[in-house]
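What follows is each chain in one-letter form.
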Amino acid sequence: MSKRRKRNRIILHPIMAFAILIVGTIILSGILGSLGISANYNSVNTVRGDLETTTVLINSLLNLSGLKMIFRTSVSNFASFAPLSMLIITLIGIGIMDKSGFLEAFFSLVTQKTSKFVVTLVLSFITVIASIIGDISFIMLIPICALFFKYGKRNPKAGIIMAFAGLTCGTGINIFLSSIDASLLGYTNLAALSLDATYTISNFAFIFIMILMTILMSILVAMITEKIIVPKLGKYEIEEDHEEFYLDKKKKRGLIFSLTIGVIYILIFVYNIIPGLPLSGNLLDYSQTLYIDKLFGYNSFFNQGFVFVITTFFFLCGLFYGMGAGTIKNNQEVCNYLGHSLDGIGSTLVLIFFASTFISVFRATEIGTVVTASIGNFISNANMTGIPLILTAFLMCIIVTIILPSPVQAWSILSGVLVPVFMNAGLSAEFAQLLFRASECVTYGLTPLMAYYVIYIAFLSKYSEDEKPISLIDSIKDIMPYGGVTALVWITVLVLLYVIGIPMGIGASAIL
């Protein structure tokens, strides 16, 4: 009976789910707006360096002006939606790599004589640390991990789920200071200075704990994938009759050509982000002071041009493999292969349109900002210390990530509350930021409000057998085991940091 119910269950297509969420958000904003729901919060004034009170109101869209705003901005929101352009450009490069045979040759070679768990563990490690390169990691690694599993004769959906889980559960884990971490650290430092004018925070304040969590989360993501996700998904039926791969002389020559040009390309790129050498550092933003800002700052080449850098790398690897292996014979085939991965992308574009509209509508209502501010006020008024404060703040920040999955915006609201509360309770400002980033790792992959969630759903749908639609709820359920384990691990680590008092990094510990 249970199998029959499962088979007859009506699956709500993600496009329809986002449409319902749009309508629901508009109605909810009308109800909350009519009730005059608002919240106050202490934010850090980045100019004066002190705390100022800000009031935010729910913006009702259930009126003529609100509906006109939605219709007026829907096209521009779709066109400027970052995942859209990044996906299309990246798929151009992946298309020629796939169609030329480079991906099959490379992935099959790597996976043939390597245990499945080792492959999963390496991919898991890469996804966990990938947040250092920014949001391009979602566009780049999700399809690549799917192909790794596919050519390893495993279900590519397991690779997609593993990649998305690693990317989201590792979003707050950075061995190297990323641009987001630098922004958060600025708010943390200003909030701390409002209480202690001599307070200083090291750029390496989290290095020890980040190294530990990178290793630990890589292992856990790999184990959950192998023990839960892979058995659950089973075989990938469409690819059961895939021919056995054989690396002949032509394919070897193609790999040599492609890997050679790939290594040269990487060396040229790396040399141009190293300062101080002859003719080096051409890709750095010298208007910034810190190297991390020169490399990852908002106006840096790395930030604005890295998508094209990656696509060019993919293009060169695919082109030179095809030339060496003889799978590309003329310019017409090159042009045809460039669009290979864009075949059948129509439904994905529609999905992205509805997802971008939902996210823009929700942001316009300010519901997320009001809830975040209210949570900050709750923590401030709770008068807790020690472990109760740590656990409560962790849970509240988990909720914040669900409704406001923008770390810089959320921390700009919470830092003015959480940092003073922690410092008054004898806890460090660095520990407050670590707790916030830890909570983000738990639920960042569980909210459709996260812009790149739509990319995760799109690729799940691409590899669904018999063109079965992937429901929004089912896609969330697949990530929940990772989020649950991540929560337990981070709670344990945070409590141990407080109880034992071991340093989190250089010059920083949980206790002041």
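Just above sits the structure.
Residues numbered from 1 in each chain as written. Predicted model: local features only at pLDDT ≥ 70, side-chain atom pairs only at ≥ 80, totals over all residues. Heavy atoms only, no water.

K.L.:
Is there a simple way to think about the overall build of the protein chain in this case?
P.N.:
Of regular secondary structure, the protein chain possesses 21 helices and 4 strands. By the compact-globule yardstick of 24 Å for 512 residues, the protein chain fits well, its C-alpha radius of gyration being 24 Å. By its C-alpha atoms, the protein chain is 70 × 60 × 45 Å across when sized along the principal axes. Looking at the protein chain as a whole, 53% of its 512 residues are labelled buried. Taking all contacts inside the protein chain whose residues are at least 6 apart in sequence as the whole, residues at least 24 apart take part in 78%. For the protein chain, the computed accessible surface area is about 23300 Å², with 65% contributed by carbon and sulfur atoms. Positive and negative side-chain charges in the protein chain, numbering 31 and 27 respectively, have mean positions lying 8 Å apart. (Helix = DSSP H or I, 4+ residues; strand = E, 2+ residues; numbered from the N terminus. Rg over C-alpha atoms; globule rule 2.2 N^0.38 Å. Buried < 20%, exposed > 50% of the residue type's maximum accessible area, 1.4 Å probe, protein only. Contact = heavy atoms within 4.5 Å. Areas by Shrake-Rupley, 256 points an atom, 1.4 Å probe, with all protein chains shown as cover. Lys, Arg positive; Asp, Glu negative; His and termini not counted. Charge placed at Lys NZ, Arg CZ, Asp CG, Glu CD.)

K.L.:
So what exactly am I meant to see when it comes to the packing of helix 9 (residues 179-193) against helix 19 (residues 429-443) here?
P.N.:
Two measures define how a pair of helices packs: the angle their axes make with one another and the distance between the axes. Their axes nearest at 10 Å, the elements helix 9 and helix 19 cross at an angle of 140°. Considering their axes alone, helix 9 and helix 19 lie oblique with respect to each other. Considering how the two elements wind past one another, helix 9 and helix 19 form a crossing that is right-handed. Across from Ile 180, Asp 181, Leu 184, Leu 185, Thr 188 and Ala 192 in helix 9, the residues of helix 19 making contact are Ala 429, Glu 430, Gln 433, Phe 436 and Arg 437. Looking at the contact of helix 9 with helix 19 residue by residue, the class counts come to 6 nonpolar, 2 polar and 3 charged. (Axes fitted to C-alpha atoms, helices over the stretch in contact; angles between N-to-C directions. Parallel < 35°, antiparallel > 145°, perpendicular 65-115°, else oblique. Left-handed = near helix turned anticlockwise from the far one by under 90°. Nonpolar A, V, L, I, M, F, W, Y, C, P; charged D, E, K, R; others polar.)

K.L.:
Could you clarify how one ought to interpret the side chain of Ser 218 in this entry?
P.N.:
Position of Ser 218 relative to the elements: it lies in helix 10 (residues 207-233). Excluding anything up to four places from it in sequence, Ser 218 contacts Leu 121, Ser 124, Phe 125 and Val 128.

K.L.:
How should I be thinking about the environment of Thr 114 in this particular structure?
P.N.:
Within the secondary structure, Thr 114 sits in the loop between helix 5 (102-112) and helix 6 (116-129). By relative accessible area, Thr 114 is classed as partly exposed at 29%. Along the sequence, Thr 114 and Asn 299 sit 185 residues apart, while their C-alpha atoms lie 41 Å from each other.

K.L.:
Any chance you could explain the packing of aromatic side chains here in plain terms?
P.N.:
Two descriptors summarise a pair of aromatic rings, namely the distance from one centre to the other and the angle between the planes of the rings. Counting across every chain of the model gives 19 aromatic pairs. Between Tyr 265 and Phe 313 the ring centres are 6.0 Å apart and the planes differ by 35°, which places this aromatic pair in the tilted class. Of the two residues, Tyr 265 is situated in helix 11 (residues 249-271) and Phe 313 in helix 13 (residues 301-325); the sequence distance between them amounts to 48 residues. Considering the side-chain rings of Tyr 453 and Tyr 456, the 5.3 Å spacing of their centres and the 85° angle between planes classify their relative orientation as edge-to-face. Of this pair, Tyr 453 and Tyr 456 both sit in helix 20 (residues 453-462), separated by 3 residues, roughly a single helical turn. Taken as a pair, Tyr 453 and Tyr 456 share a single burial class, namely buried. Across from the ring centre of Tyr 463, 5.7 Å away, lies the NZ or CZ of Lys 462, which sits over that ring. (Phe/Tyr/Trp six-rings, centres within 6.5 Å; stacked < 30°, edge-to-face > 60°. Lys NZ or Arg CZ within 6 Å of the ring centre and 35° of its normal.)

K.L.:
Could you clarify how one ought to interpret the pattern of salt bridges in this entry?
P.N.:
Note that side chains of opposite charge can pair when their charged atoms are close. Taken as a whole and judged by the stated rule, the model has 4 salt bridges. In this structure, the salt-bridge partner of Arg 437 is Asp 181, at a minimum N-O distance of 3.2 Å. Placement of the pair is Arg 437 in helix 19 and Asp 181 in helix 9, with a sequence separation of 256 residues. Classification of Arg 437 by relative accessible area gives buried; the value is 3%. Residue Asp 181 is classed as buried on the basis of its relative accessible area of 7%. Where Arg 437 meets Glu 440, a salt bridge forms, and the shortest distance between an N and an O atom there is 2.5 Å. One end of the pair, Arg 437, and the other, Glu 440, are both in helix 19, 3 residues apart, so they sit about a helical turn from each other. Classification of Glu 440 as buried rests on a relative accessible area of 2%. Salt bridges linked by common partners bring Asp 181, Arg 437 and Glu 440 together as one network. (Salt bridge = Lys/Arg side-chain N within 4 Å of Asp/Glu carboxyl O.)

K.L.:
Just checking my understanding: could you explain the side chain of Arg 154 for this structure?
P.N.:
Looking at the element boundaries, Arg 154 is found in the loop between helix 7 (136-151) and helix 8 (156-169). On the accessibility criterion, Arg 154 (12% relative accessible area) is buried. Residues within four places of Arg 154 in sequence aside, it is in contact with Lys 116, Thr 120, Phe 149, Glu 226, Val 230 and Tyr 236.

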